[in-house]
Structures are given as C-alpha cells and as structure tokens.
Amino acid sequence: MHHFSYHQGRLYCEQVDLSRVADDVGTPVYVYSTATLRRHARVIAEAFTGVDCLIAYSVKANGNLAVLRTLAREGCGADVVSGGELLRALRAGIPASRIVFSGVGKSRMEMKLALDQGIHQFNVESAAELVVLSDVAATLGKVAPVAIRVNPDVAAGGHPNISTGKAGDKFGVAWAEAPGLYQQIQALPGVEAVGVDVHIGSQIGDLAPMRLAFEKTVGLVRQLRAEGHTLTRVDLGGGLAIPYHAEDSPAPPKAYADMIRDITEALGIQVILEPGRVIAGNAGILITEVLYQKPAPDRTFLIVDAGMNDLIRPALYQAHHDILPLREAGADVGWTPFDVVGPICESTDKFASQRLLPNPEPGDRLAFMSSGAYGAVLASQYNARPLVAEVLVDGDRFAVVRRRPSFEEMIALEHMPDWLS
Ligand SMILES: *Cc1c(COP(=O)(O)O)cnc(C)c1O
C-alpha cells in the first residue's frame, strides 16, 4: 500500500501534484510519502502486538534525517551498520537505547562511538571482532551487550547479491562455531552475551526460508541457555519483500509476525526486528524527465535525466521498477516498447528494456516507483553529477529534505597540490 496515485490524470503523492514538485525542485528528484512511511511502521507494530519487540528500522535502506525522524516519531529504533548511520539515527532523535549496530567490519572508532552513546546491542560477526570489541569496551570501563550473528546456511532473497545467510556468504559466523564464541564471551572482560542475531537476506517474499532460519536460531538460543548463558534477546533481522510488480504478492507483515510470534513466544524473550525495505521501499519514487527519444535499428532508446548514479538497483541487481508517467496517458495513446536509459557513460546505465510506455516526449516526466529503499542512499556523484535531491511530502505540503549540491560544493573537498597550483 502506498500513497502515490492519479487524480484527474496527474500523479500525486498524498495531496501533492508531483509535477509541481518537479517544477519547483527540478529533476531527478526522490519523493517520499510520510503517510506511507507511517502506515508501514504502524502495520508492522500492530502485527507484533503482544510481542515484546523492538522495531529497529534499517537505516541503510533510507537514512535521510527527515525519514528517520518520521519513523522515530512512530516509535522505531534503528539498525545501523556504520558510525555515520549511528550519528544519523541519533541526530534524527532515535535514542541510543533503541539502536543496534550490525555489520561485518566495525572499526575501533565506531565501536567507541557506539559504546560512548550506550547503544542497545552490538551484533558481532566474527571471533576477531569480538576480541577487539571487548578490548575497546574494557579500555572505556564498559561492557558491550553482544549478540553473535549466526549464519544458518539458508538461502533466501530476491537476488544472489542480497542473500546473506548461506554458508559462503561473508555474513555471520558458521553455525558450528557459534557455541564456542559464547564460551569465549564469558572469558572476555568487555563483552556480555545478551542474545543471538540472524539476518538471511533481503526481498524475501516467501516465509519458508525465514521460518527455517528462525527455528534454527531459536533452537540455538535454547541450547545456549541450557549451557548457562542468560540470553534475553533474539534479533531476527529484516528482509521482508515488497511488491515491485503489481502482480507480486509477497508475504504480508501480519503473516510474518504471526510466524515469529509462534516461534518465539514460549521463550520469554525480546524480539528485535530490522525492517528496511518493507518500510521505505514503496514510500518513495524517483522522478525523472525525458531528454530524448533515440531510434536505433532494432529498438528505441528513451534517454532520461536520471542515471545509475541516482538509482543503481537496476544495474546492480537487475531490479525492476514500474515506470509511470506523471501525466496519465489518454486512452487514445499507443503504448510502445522503449529501452529506458540514463546519461551515464556505462552500458549498465539502463533502467528497463523493451518497457511499454505511452510515447513519452522530451520534457515529459516519469516516476520510477518503489524507489524509497536502496535508492538515494546508494546514489553517487559519478560523471560529476550532483547528488540527487530528496523531497518529503506530508499531506498537502512538501519540503526539500536534501538539496542538490552546487558545483562549488561538489568540488569543495578537493585540493590542488602545491606543485600544480
Ligand atoms: C540490510 C539489512 C537489513 C534490512 O534489510 P531489508 O531487506 O531492507 O529489510 C536488516 N539487517 C541487516 C543486518 C542488514 O544488513
């Protein structure tokens, strides 16, 4: 469910005409819907009614401060994977006590920052990291609350590049290695085991692999408790899929929550969840303007002003985004196939092949739907293109929540060495 729809032939976000946003802010521009973000946060929270649970929104899906504050006001915590994301979450008003720190490569500096803030939990991904975390914490006179991220060897996820829970993936520790690590925690001065963590991938529409992974994880919690570890939390990660095609019907949050309740309720344990895409994905779009039609012998290219530097998902994961014109096509317009491409000098700078569109003319605007997650966060300035702007809509108002940098700002960090000046 999202709040992007046509009214009298024009695509709106909530009560805002998106053509007006494009006129005011320019293109390309991301637009996020507050009502959609709120709705998704509430649907998930309601699905987990009765479960002692912390919904730690995955900041890497969309870390814009205004998006984070919107979710903070819905009671979300945060799952962060870097010191920068931690600072973003704090700046947006998410209390440290609701922040968990994941990721395979935390530096000492990042650990210190998180310990100084007093975050809820570190999800630790290797024996080596555990030793370093203990050392950093002990030096500060602190004890870090730790969950070991285990690798349940379950394949899942919408694309091989977003599967994280299979043996051979870089994430988590091997199943057989986990009990030994919990033993090791007891011998280390700066860490304390509070739970077990698992995250098997992203864009998972089928609950079966999740259930399998979660049952294994809960089994491990039981085993570790029997071995004398006082575990009070289980972190089940994120990964729930969203519909990118109209005909997709991924498992809904309610079914996901019921499955988790079923597996965890006998444990008397806090359940931590790290949803990202399912909250932000359908809450955002990317608006682009058509620059040219370019006929080739076997196809017609539609060249738009957004590039893979603005939205990399199609290039990185062969991802599909529905494309809607901001002005709804009349019934008389013929739909013909286009290869929709950006201006970047890379052949992978292609958003869609042979996509049926209602003959978009230069100057027409198009929306890449479902771009709210892993869109703007993955944007770059490749080809010296300014970082894409972001807008937040709330009802009938909108605001630029990240403006496009000027050329001077883009180059401000660069410095000419003496010998060239
Ligand atoms: C990316 C990530 C998430 C969020 O995944 P979604 O598919 O966006 O829900 C959660 N936890 C960890 C550890 C992640 O790396």
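This one's a predicted model, so the numbers in the text were calculated from it and none came from an experiment.

S.K.: Talk me through the pairing of strand 4 (residues 29-33); I want residue IDs and the actual numbers.
M.R.: Within strand 4, five of the five residues are buried, leaving the element largely enclosed by the surrounding structure. Residues Val29, Val31 and Ser33 of strand 4 are buried on one face, and the alternating residues Tyr30 and Tyr32, pointing to the opposite face, are buried as well. The pairing of strand 4 with strand 14 (residues 284-296) spans four bridges and is classified as antiparallel. Counted as the bridge partner of Val31 is Ile285 from strand 14. Bridging between strand 4 and strand 20 (residues 389-394) involves five bridges; their strand directions are parallel. Within the sheet, the bridge partner assigned to Val29 lies in strand 20 and is Ala389.

S.K.: How would you explain a nonpolar patch on the surface if you had to name every residue and give the values?
M.R.: There is a patch of nonpolar side chains on the surface, built from Leu316, Val377 and Leu378 and spanning about 200 Å² of accessible area. Tracing the backbone shows Leu316 in helix 11 (residues 313-317).

S.K.: Please set out the site of the ligand residue by residue, giving values where relevant.
M.R.: Near the ligand lie 14 residues; those nearest to it are Lys60, Ser202, Glu274, Arg277 and Tyr374. In the environment of the ligand, an oxygen atom lies 2.3 Å from a nitrogen or oxygen atom belonging to the side chain of Ser202. A distance of 2.7 Å separates an oxygen atom of the ligand from a polar atom in the backbone of Arg277. In the complex, 94% of the free accessible area of the ligand, which totals 390 Å², lies under the protein chains. Taken together, the residues of the shell around the ligand break down into two nonpolar, seven polar and five charged.

S.K.: Describe in detail the nonpolar core, supporting the description with residues and values.
M.R.: Ranked by internal contacts, the top residues of the largest apolar core, which has 102 residues, are Phe122, Val146, Ile148, Phe214, Tyr256 and Val340. The greatest single-element share of this core, amounting to eight residues, is contributed by helix 8 (residues 207-226). Setting aside residues no more than four positions away along its own chain, Phe122 makes contact with Phe101, Lys106, Met111, Ala114, Leu115, Leu133, Ala144, Pro145, Val146 and Ala147. Core analysis: the next-biggest nonpolar cluster, separate from the first, contains 18 residues, Val29, Val31, Ile285 and Val391 among them.

S.K.: Could you give an account of the packing of helix 3 (residues 65-73) against helix 4 (residues 83-91), with specific residues and numbers?
M.R.: Closest axis-to-axis distance for the helix 3/helix 4 pair is 8 Å, and the angle between their directions is 55°. Here helix 3 is positioned oblique relative to helix 4, judged by the angle of their axes. Viewed along their axes, helix 3 and helix 4 form a crossing whose handedness is right-handed. Residue-level inspection shows Leu65, Leu68 and Arg69 of helix 3 in contact with helix 4, the latter providing Arg88, Ala89 and Arg91. For the contact of helix 3 with helix 4, a count of residues per class yields three nonpolar, no polar and three charged.

S.K.: Account for the side chain of Asp17, naming residues and giving values.
M.R.: Considering the arrangement of structural elements, one finds Asp17 in strand 3 (residues 16-17). Side-chain polar atoms of Asp17 contact the side chain of Arg10, separated by 2.6 Å. Residue contacts for Asp17: discarding those within four places in its chain leaves Arg10, Leu11 and Tyr12.

Rules and cut-offs
- Residues numbered from 1 in each chain as written.
- Predicted model: local features only at pLDDT ≥ 70, side-chain atom pairs only at ≥ 80, totals over all residues.
- Heavy atoms only, no water.
- Buried < 20%, exposed > 50% of the residue type's maximum accessible area, 1.4 Å probe, protein only.
- Helix = DSSP H or I, 4+ residues; strand = E, 2+ residues; numbered from the N terminus.
- Pairing = 2+ DSSP bridges.
- Patch = residues over 30% accessible without salt bridge, like charges linked within 9 Å, V, L, I, M, F, W, Y side chains within 5 Å.
- Areas by Shrake-Rupley, 256 points an atom, 1.4 Å probe, with all protein chains shown as cover.
- Salt bridge = Lys/Arg side-chain N within 4 Å of Asp/Glu carboxyl O.
- Near = heavy atom within 4 Å.
- Polar contact = N/O pair within 3.5 Å; in protein donor to acceptor, adjacent residues only side chain to side chain.
- Nonpolar A, V, L, I, M, F, W, Y, C, P; charged D, E, K, R; others polar.
- Core = buried A, V, L, I, M, F, W, Y, C linked by side-chain atoms within 4.5 Å.
- Contact = heavy atoms within 4.5 Å.
- Axes fitted to C-alpha atoms, helices over the stretch in contact; angles between N-to-C directions.
- Parallel < 35°, antiparallel > 145°, perpendicular 65-115°, else oblique.
- Left-handed = near helix turned anticlockwise from the far one by under 90°.

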